[in-house]
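Here's the letter readout for the chains.
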Amino acid sequence: MTKYAFSRELRLLTPEDYKHVFQQAHSAGSPHFTILARNNDLNHPRLGLAVPKKQIKTAVGRNRFKRLARERFRLKQHDLPAKDFVVIAKKSASEMSNAALCKLLDKLWHRLSRPSRG
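Throughout what follows, the structure given in this document is the object of discussion.

What counts as what
Residues numbered from 1 in each chain as written. Predicted model: local features only at pLDDT ≥ 70, side-chain atom pairs only at ≥ 80, totals over all residues. Heavy atoms only, no water. Helix = DSSP H or I, 4+ residues; strand = E, 2+ residues; numbered from the N terminus. Rg over C-alpha atoms; globule rule 2.2 N^0.38 Å. Buried < 20%, exposed > 50% of the residue type's maximum accessible area, 1.4 Å probe, protein only. Contact = heavy atoms within 4.5 Å. Areas by Shrake-Rupley, 256 points an atom, 1.4 Å probe, with all protein chains shown as cover. Salt bridge = Lys/Arg side-chain N within 4 Å of Asp/Glu carboxyl O. Axes fitted to C-alpha atoms, helices over the stretch in contact; angles between N-to-C directions. Parallel < 35°, antiparallel > 145°, perpendicular 65-115°, else oblique. Left-handed = near helix turned anticlockwise from the far one by under 90°. Nonpolar A, V, L, I, M, F, W, Y, C, P; charged D, E, K, R; others polar. Pairing = 2+ DSSP bridges. Right-handed = clockwise from strand over helix to strand, strands pointing away. Core = buried A, V, L, I, M, F, W, Y, C linked by side-chain atoms within 4.5 Å.

**Quick look at the overall build of the protein**
Counting its regular elements, the protein contains three helices and four strands. Scanning the protein from its N terminus toward the C terminus, one meets helices and strands in the order α-β-β-β-α-β-α. On C-alpha atoms alone, the protein measures out to a radius of gyration of 14 Å, which is about the 13 Å that the 2.2 N^0.38 rule sets for 118 residues. Referenced to the eigenvectors of the C-alpha coordinate spread, the extents of the protein come out at roughly 35 × 35 × 25 Å. Buried positions account for 43% of the 118 residues belonging to the protein. Residue pairs in contact within the protein that sit at least 24 positions apart in sequence constitute 79% of those at least 6 positions apart. Element-wise, carbon and sulfur atoms account for 51% of the exposed surface of the protein, whose accessible area totals about 7,400 Å².

Below is the structure:
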């Protein structure tokens, strides 16, 4: 396995996994994308991505967004709680620079990692 591997156990794979997150999620958002999070019964976080063609038109743009989101998740996974995260892209995400996108992802994951206040 290469250092860039993103194992299957870290992904949301089935529609049921996504449905579980969408039912009672905590969210953190920006004008560029939203991250939903819900506790899971595992001892590690998992990532799901929703990057619709309607929001980011080109395959290159969608793949860039997904690649950056997966990479930031991979680097931050040891700091994240045992939650399922779904990143939902919006139109303006395709206009962001890589550095700005990474910085915003880190900020929102940090926000969702804090213990809830009630």
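**With respect to the pattern of salt bridges**
Going through the model one piece at a time under the given rule, you end up with four salt bridges. With its nearest N and O atoms 2.8 Å apart, the salt bridge here joins Glu71 to Arg74. One end of the pair is Glu71 and the other is Arg74, both in helix 2 (residues 59–76) and three residues apart, which spans about a single turn. Residue class for Glu71 comes out partly exposed when judged on its relative accessible area of 25%. A salt bridge links Asp106 to Arg72, with the shortest nitrogen-to-oxygen separation between them at 2.6 Å. One end of the pair, Asp106, is in helix 3 (residues 98–113); the other, Arg72, is in helix 2, and 34 residues separate them in sequence.

**Regarding the packing of helix 2 against helix 3**
As a packed pair, helix 2 and helix 3 sit with axes 10 Å apart at the nearest point and diverge in direction by 50°. Relative to helix 3, helix 2 is oriented oblique. Relative to helix 3, the crossing made by helix 2 is right-handed. Facing Arg64, Phe65, Leu68, Ala69, Arg72, Phe73 and Lys76 of helix 2, the residues of helix 3 in contact are Asn98, Leu101, Cys102, Leu105, Asp106 and Trp109. Class assignment for the residues of the contact of helix 2 with helix 3 results in eight nonpolar, one polar and four charged.

**Some remarks on the pairing of strand 4 (residues 83–89)**
Burial within strand 4 is extensive, with six of its seven residues counted as buried. Where strand 2 (residues 33–39) meets strand 4, seven bridges bridge the pair, whose relative direction is antiparallel. Of the residues in strand 4, the one forming a bridge with Thr34 is Ile88. Sheet topology note: the strand 3 (residues 46–50)/strand 4 ladder contains five bridges and is parallel. Looking at the pairing, Gly48 lines up with Val86 of strand 4. Viewed along the sheet, the connection from strand 3 through helix 2 into strand 4 turns out left-handed.

**Here's the deal with the nonpolar core**
Counting residues in each nonpolar core, the largest one holds 26 residues, and the members touching the most others are Phe33, Ile35, Phe65, Phe85, Val87, Leu105 and Trp109. Elements with a minimum of two residues in this core: strand 2, strand 3, helix 2, strand 4 and helix 3. The residues touching Phe85, leaving out its near neighbours within four places in the chain, are Leu12, Ile35, Leu36, Ala37, Pro45, Arg46, Leu47, Gly48, Phe73, Leu80, Trp109 and Leu112. The next biggest cluster of nonpolar side chains, apart from the first, holds five residues, and it includes Leu12, Tyr18, Val21 and Val86.

Geometry only, nothing functional implied.
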